[in-house]
Amino acid sequence: MCGIAGFFGRRPVSGLAVDAMRAAIARRGPDAFHVAGCRVSAAQFVLQDEYAGLSSALLHARLSIRDPRPVADQPMASEDGDIWLCYNGEVYGWEQDKAGLQAQGHVFNTTSDTEFILRAYQQWGWNGLLPRLRGMFALVVLDRKLGKVFAARDRMGLKPLVYYHDAANGEFAFSSLVRGVLPYLPANKRGFSPAGIDAYLAHRTIPAPGTVFTHIQRLENAHCLAFDLASGKLEKRCYWSPEPLADGSKTWQAELDEAIFLRTAADRPVGLFLSSGIDSTVLASRLAEQGYRNIRTFTAAFDNPAMDESERAAGIARRLGMENERIAMPADTVADFAQIVADLDEPFADPSSFPTWYLAQAAVKSVKVVLCGDGGDEMFAGYKRYRQHLRSAWRRKLPAISALRPPPAILPGKPGRLALEASLDWLSAYPLRFSGIGLTERAALQPDVAVNAHHWRIPDGVAALSPITQLLAIDAENYLPEYILRKADLLTMAHGLEGRAPLLDHVFVGRVLAMPAAERFTDPAKQALAGVCPQAAEFAFFSRKKMGFNPPVGSLLKSLQGRFAGLPERLSANSGNQLPVPALTQALAQWQSDNGYGEQLLQLLILDESLQQLACLARVRHD
């Protein structure tokens, strides 16, 4: 698990720019840092101690989990120096393929998954490598003989990869973070994206392929790139799509146990984020059944009893024979607000980011790897918005009404959203079930911008699926990778902590997709998962209301009250007047007088802080 960055071009890059890229990814990999590269006039691509003047480079900040020895550090090269690997993530179950490679004559110097990927590429090439990788990854391979750079993001989107491409000048740069690419960009290509800002207002984050910068793109999950060093051309394609796996060789229950078992592999201590919900409790129960009772569990504890699950989680841990640490969430986050926003990389307004950040900060003192229950709701339709949207499934065959132009005034959220939903087709209306600021409000906040109803991608071929699987397919391309998993990656890696999600193992996902609908989709939801937890009746999963993981937003806003002073002026200036002062002033006056707009107010505060930080970084010259 690591932070990666790099660039390939025809101009010498200053040492200051490389240092800035290094600083951006440093917290993701606290154990080692190396740069490999070459200068315009140099033929060799080698490890570098001096960064000034490099025209091509790979940067790697390492969090060492498998084989912590320096020999397993990255960037890692083939013996002849023609192939280089820069990789972030963790792949599992590769040992059998390793044995096959050794039989073919490949010599392994480490016990790391990094070297397996390198040898697998040598043996099978790019197209043969990707199908053999089971796990999470963002990886870049430089093949100097082919004159190409290959890059890929894992199937489910657990690991991030953003990039910059300039075909005219033959340049390609990439990183785990937007802030890791920004120093490479020419000064005239560091402007904020109007569509990116609108996407943030709509979705609380900016979905792939966009980012907050016009010239930085985010690679979609299950996609890969090929950059030609000679021509400067970049090709992108989707290399995987989810399909039911029903070959009869394993049940989904057995595949779940294997997915969990594989994710316990580490040379550093392993823990578990435990709430009292079904997903993380099932993981704990299966771990206990497999004999892993020494795994330490971590639970967020809130002062508000209506939001606190820590007592129940502690009881679950005791029942399973596991140690539990209850992490008290601070009531006042003002001192850490700027750092949390910085660790989110670009504008991202999920209230649960705050407890997640504190939970990771505490857990990393004891472990370097945590398992988490992400993915259960998306696999087994656990969110209530699925049921809500299915009530209008009769609209699927109806044509969309001609799009409504929102009125130039801020309307109450619910009426505005209902009117918009009626104007859209059934699938296009679904993203509004989980949105930030409504379309009528966004239009009023951005009077000179043609706002989109939403910025989510609707998958090809989705219309052929059943209504519930249509919604899950949309989430799998948007909400899951660009919201849930991005948040988990950013906030664990900000503390040098690796998060793993067994429920999103792609082989297990294939087994779930092959389940009979009546078994997979139940009322109440996720009864299938409860069926693999021997203590399910004792833990009473379905006798209480599903709880989220959000802090009390009112208390959070109260601690940030001082940030509202001058907010319209700052946001207007940093957005290039995309958000003009009068519209912001009107919105603040209305939202602050209405208790139902707490999350929208927090969204503006986070946007303010994030744009200020990024604008400051964009102004820095690295000559």
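Residues numbered from 1 in each chain as written. Predicted model: local features only at pLDDT ≥ 70, side-chain atom pairs only at ≥ 80, totals over all residues. Heavy atoms only, no water.

S.K.: Tell me about a positive patch on the surface, and name the residues and values.
M.R.: Taken together, Lys384, Arg387, Arg391 and Lys545 make up a surface patch of like positive charges. Mapping Lys545 onto the fold places it in the loop between helix H21 (536–539) and helix H22 (553–559). (Patch = residues over 30% accessible without salt bridge, like charges linked within 9 Å, V, L, I, M, F, W, Y side chains within 5 Å. Areas by Shrake-Rupley, 256 points an atom, 1.4 Å probe, with all protein chains shown as cover. Salt bridge = Lys/Arg side-chain N within 4 Å of Asp/Glu carboxyl O. Lys, Arg positive; Asp, Glu negative; His and termini not counted. Charge placed at Lys NZ, Arg CZ, Asp CG, Glu CD. Helix = DSSP H or I, 4+ residues; strand = E, 2+ residues; numbered from the N terminus.)

S.K.: Describe the nonpolar core, with residues and values.
M.R.: Phe7, Leu59 and Trp126 are the most contacted members of the largest nonpolar core, which has 176 residues in total. With 10 residues, the single largest contributor to this core is helix H25 (residues 598–619). Sequence-distant contacts of Phe7, defined by excluding residues within four places in its chain, comprise Val13, Val18, Met21, Leu54, Ser55, Ser56, Ala57, Leu59, Phe172, Ala173, Phe174 and Tyr184. Counting 20 residues, the second-largest nonpolar core is a separate cluster that includes Ala138, Leu142, Val149 and Phe172. (Core = buried A, V, L, I, M, F, W, Y, C linked by side-chain atoms within 4.5 Å. Buried < 20%, exposed > 50% of the residue type's maximum accessible area, 1.4 Å probe, protein only. Contact = heavy atoms within 4.5 Å.)

S.K.: How would you summarise H25 if you had to cite specific residues and measurements?
M.R.: With 22 residues, H25 extends 32 Å from end C-alpha to end C-alpha; this agrees with the ideal 32 Å at 1.5 Å per step. In terms of residue burial, H25 counts as a mostly covered element, since 17 of its 22 residues are buried. (Expected span 1.5 Å × (residues − 1).)

S.K.: Any chance you could break down the pairing of strand E15 (residues 296–301) for me, citing the residues and the numbers?
M.R.: Within E15, five of the six residues are buried, leaving the element largely enclosed by the surrounding structure. Here strand E14 (residues 270–273) pairs with E15 via three bridges, running parallel. Bridge pairing in E15 links Leu272 to Thr297. Once the chain exits E14 it traverses helix H7 (residues 278–289) before rejoining the sheet at E15, and the crossover so formed is right-handed. Sheet analysis places E15 next to strand E16 (residues 324–328), joined by five bridges and oriented parallel. What sits directly across from Phe298, in E16, is Glu325. Remark: the E15/helix H8 (residues 310–319)/E16 crossover connection has right-handed handedness. (Pairing = 2+ DSSP bridges. Right-handed = clockwise from strand over helix to strand, strands pointing away.)

S.K.: Can you tell me about the pattern of salt bridges, naming the residues and giving the values?
M.R.: Side-chain pairing between opposite charges can occur once the charged atoms of the two side chains come close. Applying the stated criterion across every chain yields a total of 46 salt bridges. Between Arg511 and Glu255 there is a salt bridge, with its nearest N and O atoms 3.0 Å apart. Placement of the pair is Arg511 in helix H18 (residues 506–513) and Glu255 in helix H6 (residues 252–262), with a sequence separation of 256 residues. It is possible to trace a salt-bridge network through shared partners that takes in Arg134, Asp247, Lys250, Glu255, Glu258, Arg263, Asp505 and Arg511.

S.K.: Explain the packing of aromatic side chains to me, using residue names and the numbers behind them.
M.R.: In this description, a pair of aromatic rings is defined by centroid distance and the angle of the planes. Within the structure shown, the criterion is met by 26 aromatic pairs. With a centroid separation of 5.1 Å and an interplanar angle of 90 degrees, the aromatic rings of Phe434 and Tyr483 are classed as edge-to-face. One end of the pair, Phe434, is in the loop between helix H14 (426–429) and helix H15 (439–445); the other, Tyr483, is in helix H17 (residues 479–493), with 49 residues separating them in the sequence. By relative accessible area, which is 16% here, Phe434 ends up buried. (Phe/Tyr/Trp six-rings, centres within 6.5 Å; stacked < 30°, edge-to-face > 60°.)

S.K.: Before we move on, can you summarise the packing of H6 against H7 with the specific residues and values?
M.R.: As a packed pair, H6 and H7 sit with axes 10 Å apart at the nearest point and diverge in direction by 85 degrees. Classified by the angle their axes make, H6 and H7 are roughly perpendicular. Residues Leu256, Asp257 and Ile260 of H6 form the contact with H7, whose participating residues are Val282, Leu283, Arg286 and Leu287. Within the contact of H6 with H7, the residues separate by chemical class into five nonpolar, no polar and two charged. (Axes fitted to C-alpha atoms, helices over the stretch in contact; angles between N-to-C directions. Parallel < 35°, antiparallel > 145°, perpendicular 65-115°, else oblique. Nonpolar A, V, L, I, M, F, W, Y, C, P; charged D, E, K, R; others polar.)

S.K.: Describe the pairing of strand E7 (residues 135–143), with residues and values.
M.R.: Most of E7 is tucked away: nine of the nine residues are buried. Covered by surrounding structure in E7 are Gly135, Phe137, Leu139, Val141 and Asp143 together with Met136, Ala138, Val140 and Leu142, the residues of both alternating faces. In the sheet, strand E6 (residues 83–91) pairs with E7 via nine bridges, with the strands oriented antiparallel. When the bridges of E7 are listed, Leu85 appears paired with Val141. Pairing between E7 and strand E8 (residues 148–153): six bridges, direction antiparallel. For Asp143, the partnering residue across the bridge sits in E8 and is Lys148.

S.K.: Got a sec to walk through helix H5 (residues 194–203)? Specific residues and values, please.
M.R.: Where burial is concerned, most of H5 is hidden: eight out of the 10 residues are buried. Listed as buried for H5 are Gly196, Ile197, Asp198, Ala199, Tyr200, Leu201, Ala202 and His203. Buried residues in H5 make contact with H15, H17 and H25. In the segment just after H5, Arg204 is the residue with positive phi, at about 70 degrees.

S.K.: Explain the confidence of the model for the protein chain to me, using residue names and the numbers behind them.
M.R.: For residues with low pLDDT, the predicted coordinates do not support detailed interpretation. When pLDDT is averaged across the protein chain, the result is 93; 96% of the residues are at 70 or more. Below pLDDT 50 for its whole length, residues 402–412 participates in 23 contacts with residues either more than four positions away or in separate chains. (pLDDT = per-residue confidence, 0-100.)

S.K.: Got a sec to walk through the sheet that holds E6? Specific residues and values, please.
M.R.: The six strands lie next to each other as E5-E6-E7-E8-E12-E13, forming an open sheet whose pairing is antiparallel. Bordering the open sheet on either side are strand E5 (76–77) and strand E13 (234–238), each of which pairs with just one other strand. Running over the sheet, helix H3 (residues 113–129) touches E5, E6, E7, E8, strand E12 (223–228) and E13 and is turned about 120 degrees from E6.

S.K.: Which residues make up the environment of Leu490, and what values do they have?
M.R.: With respect to the secondary-structure elements, Leu490 resides in helix H17. Judged by relative accessible area, Leu490 falls into the buried class, the value being 6%. With residues up to four places along the chain from it excluded, the contact list for Leu490 reads Arg28, Leu177, Asp343, Leu344, Asp345 and Phe348.

S.K.: Please provide a residue-by-residue account of the packing of helix H16 (residues 467–477) against H17, values included.
M.R.: Packing of H16 against H17 leaves a shortest axis separation of 4 Å and a crossing angle of 55 degrees. What the angle tells us is that H16 and H17 run oblique. On the side of H16, the interface is formed by Ile474, Asp475, Ala476 and Glu477, while H17 contributes Tyr479, Leu480, Pro481 and Glu482. When its residues are assigned to classes, the contact of H16 with H17 shows five nonpolar, no polar and three charged.

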